[in-house]
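# Working through the structure, step by step
Chain by chain, the residues run as shown.
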Amino acid sequence: MKSTLPVNRVLLVLVLLALASLWGLDYASVQPNRIVPGAGQSLMSALGWPWASVLTLLLVICACTPVRSSRALLYQLMIVVLLILQLPLSLGWFIERHIDPALPYARAGIGAGFWVLLFLLGLMLIEIKQRIRLHAGWSLVIWLLILAVILISVPWLEPLALMREYQTRSQQFAQALRSHLALVGGAVGFSLVSGFILALLLNRYPAARKSCFGVLSFIQTIPSLALFGLLIAPLSYLSANSPLLQQLNVRGIGWAPALLALIAYSLLPMVRNTFIALHEVSADVLESARGMGMSPRQVFMQVRLPLALPIIIEGVRITTIQAIGLTAVAALIGAGGFGTFIFQGLGQAAMDLILLGALPIIVLALLADAFFSAAADRFKPGVKG
Amino acid sequence: MSLVRRIMHQGFMPLFWLALLLSAALGLHQLETLFQWIQPDTRAVIYSRDSFLSLLLNHLSIVGIAALVSIVIGVGAAIAVSRPWGRDFLPLVSQVASIGQTFPPVAVLALSVPLFGFGAVPTMFALILYGLLPIVRNTLVGLRGIDSSVLEAARGVGMSSVQVLLQVELPLAMNVILAGIRTSVTINIATAAIGSTIGASTLGDPVISGLVNGNTAYVLQGAILIGLLAVTVDSLFERLQNSFSVMEDRLIK
């Protein structure tokens, strides 16, 4: 059944939601200092009527573009990108209008209306990108454009509460980034190597498959907080009785239990994907490779591994995303990382500190997703370049 | 009824874990000597702000209510976008269900605090939102996986579209849907435990309190209970899935 409406129904719904939240929710807020709760500002008072009406108009045009015109999607894409680009600028404009530079403690908060608009614009972008065949180069251009606008507007955004929280902790932030990446990298790297070996062993000894996957998925079932907690007592005991471990700074809390738990969680997706990838290379292909006179080593390195690579990378992608999230929880047992800010912020009821922890975690996860998805595509058999 | 009986009959593992969980919830405080040995220098070695049983029940009800809401919304949404009138929304919904899973559950939990403040409500919100994704995704996969000739045949014998949905599509997709619910509940049990950092009273409380006060005994008590709860629920789902695949086999034969 074809849609009877002359416009894209999905975009229409998203735009209506965006308009409702823009006009119904606070766009931003002004806080005299860190303690006092902010006073919310509606779209009109936050940005003034010219900006507010252009915003509304663009959304309406985006929804009303008739699907019949061949370039409709292209126009809609341009409008959505434009709307995304104006987001940081609108915050800068808001600060210009409402934050008095003479008050050094005044800060600007981001309102619910802004976040909902960002979310809905993201959905519109996903919707349009699915229906349009966009060259990979253009996607990159769009992302670079967004990045550039954010970087350009940073100097104006200094009074933003999020930025103020960052500025008082820029060193801790860098430290958190380092330890977050180190834990994720360590866990993914270790589980990649050991998962590969384990998958090869399982390929050779079918009898061990059931029990091995049983144990690994049992571990996966145990909630992260519980596993971190269960590791504390034995590690404290070991550390108390071993000077070597004490020298390595292995204690009941800190990086050691975090890394151990992360590796334990990482093994299942890694082993499963690697095993399936190696196992499912079709016997015919291997047969013909041998028939061409390849040695077993050549068959493995030149046929089996390349064919298995996309699924192995998919395993690395799942593992990395999972590890990024779990490392955030590991902050509870003193392992550092961005989770530290989240739990500090929760303790002080400082919402912007929570954001300072949560946003980088989400960005890291999305970046890892994009990177490994692209890598998996790159190595798909038959696709070159 | 026969389903329940079959679960009881074959379900040794779930019963075993359930018994262990209940005896831990009711009897952990009797192991004071053991915890005294683990945490020698502290007077209070048994978490006593709430009883373990009430924490367990609270944890279960938060996860249970969130799961019910996610199932209703998730399965409903997936059915809606796979009908002819909702098909326009299918690409967006299925993309969001997979992209959304990139967001770490902790981040979703933390971000619901600015929206709803502290307590059980933001926890529930995060659980519902995050729990939706695997359910939507699996329901879509399950519905899409049904052979179109089966649907054709069902319509051919004069079934209405509601009958096709309820008597053919959902039963055939049930196993995949159940797997989605299982994933969703597993994640939510873990996330609800972390929910005690945002003020929900769950089995995470002893762990967090123990971490804050440096009391390993508290941490251990909470961790054991959370672990047992997760394993018990998971083994129940496994049984449930097994009995559904048995039923499905019979249905097809």
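Residues numbered from 1 in each chain as written. Chains lettered and ligands numbered in written order. Predicted model: local features only at pLDDT ≥ 70, side-chain atom pairs only at ≥ 80, totals over all residues. Heavy atoms only, no water.

Right, let's talk about the packing of aromatic side chains for a bit. Residues and elements named next belong to chain A. The tally for this structure, following the rule as stated, stands at 14 aromatic pairs over all chains. Between Y27 and F114 the ring centres are 5.7 Å apart and the planes differ by 75°, which places this aromatic pair in the edge-to-face class. Separated by 87 residues along the polypeptide, Y27 in the loop between α1 (9–24) and β1 (28–31) and F114 in helix α4 (residues 112–131) bring together distant segments of the chain. In this structure, Y27 and F114 share a single accessibility class: buried. Judged by centre distance (5.1 Å) and plane angle (85°), the rings of Y166 and F173 are edge-to-face. Members of the aromatic cluster, joined through ring pairs, are Y166, F173, F338 and F341. When the ring centre of F379 is taken as reference, the NZ or CZ atom of R378 above it lies at 5.8 Å. (Phe/Tyr/Trp six-rings, centres within 6.5 Å; stacked < 30°, edge-to-face > 60°. Helix = DSSP H or I, 4+ residues; strand = E, 2+ residues; numbered from the N terminus. Buried < 20%, exposed > 50% of the residue type's maximum accessible area, 1.4 Å probe, protein only. Lys NZ or Arg CZ within 6 Å of the ring centre and 35° of its normal.)

We now examine the interface of chain A and chain B. A common way to report how large an interface is uses the accessible area buried once the components associate. Facing 41 residues of chain A, the contacting portion of chain B comprises 43 residues. Interface area for chain A against chain B, summed over the two sides, is near 3,600 Å², with a carbon-plus-sulfur share of 83%. Ranking the residues of chain A by area buried against chain B places T221(A), L225(A) and L346(A) at the top, with a combined share of 16%. In this structure, the connection of chain A to chain B is made through one salt bridge. At the junction of chain A with chain B, the criterion picks out three residue pairs in polar contact (both at pLDDT 80 or more). Put simply, the parts of the chain that give the side of chain A that touches chain B at least two residues each are α1, α4, α8 (209–221), α9 (224–240), α13 (296–330), α14 (339–348) and α15 (351–378) of chain A. The leading source of residues in the side of chain A that touches chain B is α15(A), at nine residues. (Contact = heavy atoms within 4.5 Å. Buried area = accessible area lost by both parts, 1.4 Å probe. Salt bridge = Lys/Arg side-chain N within 4 Å of Asp/Glu carboxyl O. Polar contact = N/O pair within 3.5 Å; in protein donor to acceptor, adjacent residues only side chain to side chain.)

The next subject is the side chain of R182(B). All names here are of chain B. Locating R182 in the fold gives a position in helix α9 (residues 161–194). When its relative accessible area of 19% is taken as the criterion, R182 is described as buried. Only 2.8 Å separates the side chain of R182 from the side chain of Q241, close enough to count as a polar contact.

The next thing to look at is a nonpolar patch on the surface. Side chains of L15(B), L18(B), L22(B), L26(B), L53(B), L57(B) and L60(B) sit close together on the surface and give an oily, nonpolar patch of about 580 Å² of accessible area. Among the elements that line the nonpolar patch, the one with the most residues is helix α2 (residues 12–27) of chain B, at four residues. (Patch = residues over 30% accessible without salt bridge, like charges linked within 9 Å, V, L, I, M, F, W, Y side chains within 5 Å. Areas by Shrake-Rupley, 256 points an atom, 1.4 Å probe, with all protein chains shown as cover.)

Another aspect to go through is the packing of helix α5 (residues 90–99) of chain B against helix α7 (residues 120–144) of chain B. Residue and element names in this part refer to chain B. Remark: α5 packs on α7, axes separated minimally by 8 Å, with the N-to-C direction vectors making an angle of 130°. Relative to α7, the element α5 is oriented oblique. Note that α5 runs across α7; the crossing there is left-handed. Together, L90, V93, S94, V96, A97 and S98 of α5 and L133, V136, R137, L140 and R144 of α7 make up the contact between the two elements. (Axes fitted to C-alpha atoms, helices over the stretch in contact; angles between N-to-C directions. Parallel < 35°, antiparallel > 145°, perpendicular 65-115°, else oblique. Left-handed = near helix turned anticlockwise from the far one by under 90°.)

On inspection of all chains with the given rule, the structure shows 11 salt bridges over all chains. Across the pair R317(A) and D369(A) runs a salt bridge whose closest N-O atoms are separated by 2.4 Å. With a gap of 52 residues between them, R317(A) in helix α13 and D369(A) in helix α15 connect regions that are remote in the sequence. A salt bridge links R155(B) to E152(B); the nearest nitrogen and oxygen atoms lie 3.9 Å apart. On the criterion of helical spacing, the pair formed by R155(B) and E152(B) is a turn pair, its members being three residues apart in helix α8 (residues 148–156). One continuous salt-bridge network, built from bridges that share partners, spans R107(A), E165(A) and R169(A).

One finds F343(A), V185(B) and L225(B) to be the most contacted residues of the largest nonpolar core, which totals 117 residues. Core analysis: the next-biggest nonpolar cluster, separate from the first, contains 49 residues, L14(A), M124(A), I126(A) and I146(A) among them. (Core = buried A, V, L, I, M, F, W, Y, C linked by side-chain atoms within 4.5 Å.)

With that settled, consider the domain arrangement of chain A. Residue and element names in this part refer to chain A. Structurally, chain A comprises domain 1 (9–160) and domain 2 (170–378). Taking only C-alpha atoms, the centre of domain 1 and the centre of domain 2 are 36 Å apart. If you look at the interface, domain 1 gives four residues, while domain 2 gives six residues. At the boundary of domain 1 with domain 2, total buried surface from both sides reaches about 280 Å², with 49% on carbon and sulfur atoms. In this structure, the connection of domain 1 to domain 2 is made through zero salt bridges. Here domain 1 is connected to domain 2 by zero residue pairs in polar contact (both at pLDDT 80 or more). Residues of the side of domain 1 that touches domain 2, tallied by class, amount to one nonpolar, one polar and two charged. (Domains from an automatic or database assignment. Nonpolar A, V, L, I, M, F, W, Y, C, P; charged D, E, K, R; others polar.)

With that settled, the discussion passes to the environment of S245(B). Looking at the secondary structure, you find S245(B) in helix α11 (residues 216–252). Note: C-alpha distance between S245(B) and P134(B) (111 residues apart in sequence) is 20 Å.

All names here are of chain A. Within the open sheet, the three strands sit side by side as β2-β1-β3. Their pairing is antiparallel. In the strand order of this sheet, the two ends are held by β2 (39–41) and β3 (107–110), each with one partner. Neighbour-to-neighbour, the strand axes of this sheet turn through a mean angle of 30°, independent of strand direction. Of the strand pairs in this sheet, β1 and β2 are connected by three bridges, and their pairing is antiparallel. Bridge pairing in β2 places A28 opposite Q41. Relative to β1, helix α3 (residues 72–98) is tilted by about 40°, and along the sheet it contacts β1, β2 and β3. (Pairing = 2+ DSSP bridges.)

A separate point is the packing of helix α7 (residues 170–204) of chain A against α8(A). Two numbers describe a pair of packed helices, the interaxial angle and the distance between the axes. Residue and element names in this part refer to chain A. Relative to each other, α7 and α8 sit at 145°, their axes nearing to 9 Å. Here L198, L202 and N203 of α7 lie close against α8, whose contacting residues are R209, C212 and F213. Partitioned by chemical class, the residues of the contact of α7 with α8 number four nonpolar, one polar and one charged.

Okay, the side chain of H59(B) next. Residues and elements named next belong to chain B. Checked against the element boundaries, H59 lands in helix α4 (residues 52–81). Given the relative accessible area of 0%, H59 is considered buried. The contact partners of H59, leaving out residues within four places of it in the chain, are I189, A192, A193, S201, T202, L203 and L229.

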